[in-house]
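# Chain and residue survey
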Amino acid sequence: MHHCHHALIRCMDFRLQKAVDEWMEENHLPDDCDMISVAGAGKDVLVNPDGFVATQIGLSKKLHDTKTVLLMHHMDCGAYGGHSAFENLEAEKEFQVREMKKIKEIIESKNSEMEVKMLLAHIDDDGEVEIEAVG
Ligand SMILES: [Zn+2]
């Protein structure tokens, strides 16, 4: 059996790719992390708790004994209607943190011994990405 410690759930959005790669390098993750890349990141877990993303998490645990799920949502996410779906950045951030807390609860209740850590990626007007640990 091959082991790794982490599974990263992140949005497929191309704007995140380079920053996520760099962030993973900085955190020594590339050799220790399964990758689940899907529009809206964890949104699918809320929409369908036994659906695609939940299945991928279960497989990561079963195949690689993964202990930590890194749940990364991002601002201006098209799967959530982008910035324009929210009154302002503060409201959008609050919404995403609330959303991730609900997803964390579902994942942890379905997978004993798994811990979910929450991350929020900010994208500024120049396309610069900053990844923030939240919760
Ligand atoms: Zn997105």
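Here the structure is a predicted model, which means the values were calculated and not measured.

## Observations regarding the sheet that holds strand β4 (residues 115–123)
Read from one edge to the other, the open sheet built from 5 strands follows the order β2-β1-β3-β4-β5, with strand pairing classed as mixed. Where the open sheet ends on each side, the last strands, each with one partner, are β2 (33–37) and β5 (129–134). The sheet shows a mean angle of 25° between the axes of neighbouring strands, direction not considered. As paired strands, strand β3 (residues 68–74) and β4 are joined by 7 bridges and run parallel to one another. Looking across to β4, one finds that valine 69 is bridged to valine 116. Most of the contacts of helix α3 (residues 52–64) go to β2, to which it runs at about 165°, and overall it touches β1 (6–10), β2 and β3. Taken strand by strand, helix α4 (residues 89–110) contacts β3, β4 and β5, and its axis lies near 155° from that of β4.

## Points about the nonpolar core
By size, the foremost hydrophobic cluster in this structure holds 29 residues, and its most contacted members are Ile9, Val69, Leu71 and Met72. Those elements that place two or more of their residues in this core are β1, α1 (17–26), β2, α3, β3, α4 and β4. Of all the elements, β4 adds the most residues to this core, at 5 residues.

## Thoughts on unusual backbone geometry
Unusually for a residue other than glycine, histidine 28 sits at a positive phi of about 55°. Within the element layout of this structure, histidine 28 appears in the loop between α1 and β2. Judged by the 10 C-beta atoms lying within 10 Å of it, histidine 28 is exposed. Even without a glycine there, the phi angle at glutamate 113 is positive, about 70°. With respect to the helices and strands, glutamate 113 occurs in the loop between α4 and β4. Given 9 C-beta atoms within 10 Å, glutamate 113 falls into the exposed group.

## Here's the deal with α4
The end-to-end C-alpha distance of α4, which contains 22 residues, comes to 32 Å, matching closely the 32 Å that a straight helix rising 1.5 Å per residue would cover. Within α4, the full set of buried residues consists of Glu92, Gln96, Glu99, Met100, Ile103, Lys104 and Ile107. Down the axis of α4, the buried side of the element spans an arc of 145°, and every buried residue falls inside it. Opposite its buried face, α4 presents the exposed residues Glu90, Ala91, Glu94, Arg98, Lys102, Glu105 and Ser109, each directed more than 90 degrees away. Considering only its buried residues, α4 is in contact with α2 (43–47), α3, β3 and β4.

## Focus: the pairing of β3
Within β3, 6 of the 7 residues are buried, which leaves the element mostly enclosed by the surrounding structure. Regarding topology, α4 serves as the crossover connection from β3 to the parallel β4, and that connection is right-handed.

About the thresholds
- Residues numbered from 1 in each chain as written.
- Predicted model: local features only at pLDDT ≥ 70, side-chain atom pairs only at ≥ 80, totals over all residues.
- Pairing = 2+ DSSP bridges.
- Helix = DSSP H or I, 4+ residues; strand = E, 2+ residues; numbered from the N terminus.
- Axes fitted to C-alpha atoms, helices over the stretch in contact; angles between N-to-C directions.
- Contact = placed C-beta atoms within 7 Å.
- Core = buried A, V, L, I, M, F, W, Y, C linked by C-beta atoms within 7 Å.
- Buried ≥ 20, exposed ≤ 12 C-beta atoms within 10 Å, placed from the backbone.
- Expected span 1.5 Å × (residues − 1).
- Arc of directions from axis to C-beta.
- Right-handed = clockwise from strand over helix to strand, strands pointing away.

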